[in-house]
Amino acid sequence: MRTATVVVLSLLAALAAAAVVPHREADKDLLQKQYKLLRLLYRVQQYNFLPEEKAIAESYNLEENFDHYKDPQYVKIFLKFYNNGYFKQRGESFSPYYQRDQYDSKALFDLFYYAKDFDTFYKTAVWAKDHVNEAQFVYAFTLAVLHREDTRDVVLPAPYEIFPQLFVNAHVIQKAYDARLRGIPGTKESPYYILSNYSGYPVAYNPEELVSYFTEDVGLNSFFAYAHYMYPYWFEEAKYDVQLFQKRGEAFLYILQQLLARYHLERLSNHLPDVQPVDYERPVKVGYYPELRLQNGIEAPARPEGVFPRDIDFLFVEEAKNFERRIYDAIDYGYVYAENQTKYNIREHDFTDLIGSIIEGNYGSVNRYYYGSLFRNLLSLFGHIVDPVHSYGVSPSVLEQPETFLRDPLFYRIAKRIVSIYYRYKNQLTRYTYQDFEFKGVEINSVSVDKLVTYFDYFDFDLSNAFTISGPEAVKEIEDGSQYKYVARQYRLNHKPFSYHVKVTSDKEVDSVVRVFFGPRYDVNGREYTFDEQRQYYVLLDIFTYKLKSGENVIERNSKDIEYYGSEAPSFFDLFRDTQAAAKGEQKYFVDEYKQHFGFPQRLALPRGTRNGLPLNFFVLVTPAREGYTHPLLPYSDGHAPGYPFDRRSFDFDLQVPNAYFGDAVVVHRRQEEVATPVA
Ligand SMILES: *[C@@H]1O[C@H](CO)[C@@H](O)[C@H](O)[C@H]1NC(C)=O
Ligand SMILES: *[C@@H]1O[C@H](CO)[C@@H](O)[C@H](O)[C@H]1NC(C)=O
């Protein structure tokens, strides 16, 4: 299962080594499993409706099946929670960030995870679908499918087709309901389209809405949801597959840092200044109206402007501040104290992973009692700001759900506060010098980048899972396809494929690692960034190994070759149909082709250009590949931290090594029609 682990890890780093893996055809067993599991997610809000599943749900009895789980205690724990009414009812709001929901979800997950064989897992899932909250079911079920050894290669539908409600605004869902009630038909060939607009379209109510096409992008939000599903903060490393958790703390920080950098470019393109970190003492200036109606029909709460963070039921503002201060103290003092009093000298070498885990407060943290869970604490403090002690039964806000937290502009301000801690730490590590960058005998002579063009194109996805239909109809639907195919049509940021060429001379044959970044040149006021300011805004565009030959090398890369981006997710319908057809032996199904969609969307590789062109810095660095120095977050390694060479301080003149190249690039934005016919 080595390859699965690689794919899993690389998902988080958005660095899939998938392209290197040869095509792998799914066997019958896998296809059968996938077929069964997909059926369970179809119209998942409904009770089981297929006769076979209904029968299992009615007859399956956990108490009689203790011996079908790796350890009966997990069944007992689950039953304790379940029988004592701990579990949310169907229709209630659920959030994996609520303490109690987390306990139950863990109990449910363990039940799935520790089922001895697939058959038991499947039966347990069918039973659970009818007996627990639907959102909680999907959460624990998804995690189990991703983490169970026997289902790791199963591909689930994209999150936006499982619960479309979390991805499109309430008008869209309402229009779909209306159409359904009026009996407007829609078929696979001619679906009924509902234009789904981003917040603030056509006219933005506040400047933050100008980038809603980015913050509400369904691919981006799915990627972050998956990042959470792969590394839920409550996973204990000792208990589940340990392989998976290498560098989870570092992954957490690195992804957040890259997201912020990427978001900043999107803001610049829209003439918005950089985000400011959230503040405990001052009111939140940016209000937010999510226009989302959750799975149960209840609106996600809006946040008025000017609200102060207040003590919530399980956390005082003061406590969060304490946790943060302790983390800063540890960094400034140079020591982190583990729960068992072990001291870590964090100046000795790069301890980003340990710092990341204490900030996230995941179960890999060396001292959760002392350092808390700052990231989650901030999400809760600001997420539940309108109903801090749950006295009005307000639903979880978008900040409290991994599928939706990117939608709220406040998320980026929270991320900014977290990433500041990352830099506080990184800035205290030894400065990189000329020697840390140089690659003797290797020189980049020139770099040329194609004209970079972005545009918006249309994307359709199925809304079927958002509404229920009667049982017999649903059965028929699974067999013949939907009678009521309603799709949301959204425009999404995309870019024309582009290439770049790097001319490198080398005095020997040698294996190298090539990194390509881009970053902003000017701030929103047109002032050129200093190198030290700019460091934090560089986005990694590409990283690959290259065997340099002696003499001149021309490296040509196309954006399509960049392996660590995710490809488009197949639609639920296509996935289901392909699985079914392949199971019958009618077509081939390659696991790697379908699994690729877990990554960061390829479409978003470039920030939206402007009509006249958004000026960017383009940076290329070639370093020696070093065998034995692997980093679980990077598919190709040379022993450097993710974020290298910009993670630590350095002088810009030290980075003026022959094997580095700073250049310019410009991104222009065009209408889709203009892109179709080549522009001169
Ligand atoms: C989105 O905007 C378009 C154009 O303004 C409008 O026709 C459409 O009804 C809107 N969609 C929804 C779901 O409100
Ligand atoms: C203390 O805990 C850390 C992990 O939190 C572990 O690596 C270390 O071995 C422990 N030390 C002792 C003395 O138990």
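Note: the structure precedes this text.
The following refers to the structure shown. The structure presented is a predicted model; accordingly, all values stated were derived computationally and were not measured.

## Digging into the site of ligand 1
Thinking step 1. Taken together, H171, V172, K175, L195, N197 and Y201 make up all the residues around ligand 1.
Thinking step 2. Separating a nitrogen atom of ligand 1 from a backbone N or O atom of L195 is a distance of 2.8 Å.
Thinking step 3. Summarising the interface, the protein chains cover 60% of the accessible area of ligand 1, which totals 360 Å² for the free molecule.
Thinking step 4. Top element by residues in the shell around ligand 1 is helix α9 (residues 170-181). It accounts for three residues.

## Concerning the layout of surface pockets
Thinking step 1. Within this model, the largest pocket holds a volume of roughly 550 Å³.
Thinking step 2. Of all elements in the fold, only α10 (212-215), β5 (452-462), β6 (486-495) and α23 (672-676) reach the threshold of two or more residues within the lining of the largest pocket.
Thinking step 3. Among the elements that line the lining of the largest pocket, the one with the most residues is β5, at three residues.
Thinking step 4. In terms of residue class, the lining of the largest pocket is built from eleven nonpolar, eight polar and seven charged.

## Re the sheet that holds strand β4 (residues 442-449)
Thinking step 1. Read across the sheet, three strands follow the order β4-β7-β10 without closing on themselves; strand pairing throughout is antiparallel. Each edge of the sheet is formed by a strand with only one pairing partner; in this case those strands are β4 and β10 (551-558). Each neighbouring strand pair of the sheet contributes to a mean axis angle of 20 degrees, computed without reference to strand direction.
Thinking step 2. Bridge analysis of strand β7 (residues 499-506) against β10 gives eight bridges, and the strand direction is antiparallel. Residue pairing for β10: S506 is matched across the bridge by G551.

## Thoughts on the packing of aromatic side chains
Thinking step 1. The final tally for this structure, using the stated rule, is 68 aromatic pairs.
Thinking step 2. Judged by centre distance (5.1 Å) and plane angle (90 degrees), the ring pair of Y113 and Y240 falls under edge-to-face. Taken as a pair, Y113 in helix α5 (residues 99-113) and Y240 in the loop between α11 (218-230) and α12 (248-269) lie far apart in primary sequence, 127 residues in all.
Thinking step 3. Given the relative accessible area of 13%, Y113 is considered buried.
Thinking step 4. Ring centres 6.3 Å apart and planes at 15 degrees place the aromatic pair F118 and Y122 in the stacked group. With F118 and Y122 both in helix α6 (residues 118-131), this residue pair falls four residues apart, about one helical turn.
Thinking step 5. Three or more aromatic residues joined by ring pairs make a cluster, and in this case those are Y74, F109, Y113, Y114, W234, F235 and Y240.

## Quick word on the environment of L156
Thinking step 1. With respect to the secondary-structure elements, L156 resides in the loop between α7 (134-147) and α8 (159-162).
Thinking step 2. With relative accessibility at 1%, the residue L156 sits in the buried group.
Thinking step 3. Taking C-alpha positions, L156 is 9.4 Å from Y594, a pair spaced 438 residues apart along the chain.
Thinking step 4. Filtering out sequence-adjacent residues up to four positions away, L156 remains in contact with L38, L41, F141, T142, V145, Y226, L575 and H597.

Rules behind the numbers
Residues numbered from 1 in each chain as written. Chains lettered and ligands numbered in written order. Predicted model: local features only at pLDDT ≥ 70, side-chain atom pairs only at ≥ 80, totals over all residues. Heavy atoms only, no water. Near = heavy atom within 4 Å. Polar contact = N/O pair within 3.5 Å; in protein donor to acceptor, adjacent residues only side chain to side chain. Areas by Shrake-Rupley, 256 points an atom, 1.4 Å probe, with all protein chains shown as cover. Helix = DSSP H or I, 4+ residues; strand = E, 2+ residues; numbered from the N terminus. 1 Å grid on protein atoms, 1.4 Å probe; cavity = no way out; pocket = protein on both sides within 12 Å on 5 of 7 lines; lining within 4 Å. Points joined across faces, edges and corners; volume = space filled by probe spheres on them. Nonpolar A, V, L, I, M, F, W, Y, C, P; charged D, E, K, R; others polar. Pairing = 2+ DSSP bridges. Axes fitted to C-alpha atoms, helices over the stretch in contact; angles between N-to-C directions. Phe/Tyr/Trp six-rings, centres within 6.5 Å; stacked < 30°, edge-to-face > 60°. Buried < 20%, exposed > 50% of the residue type's maximum accessible area, 1.4 Å probe, protein only. Contact = heavy atoms within 4.5 Å.

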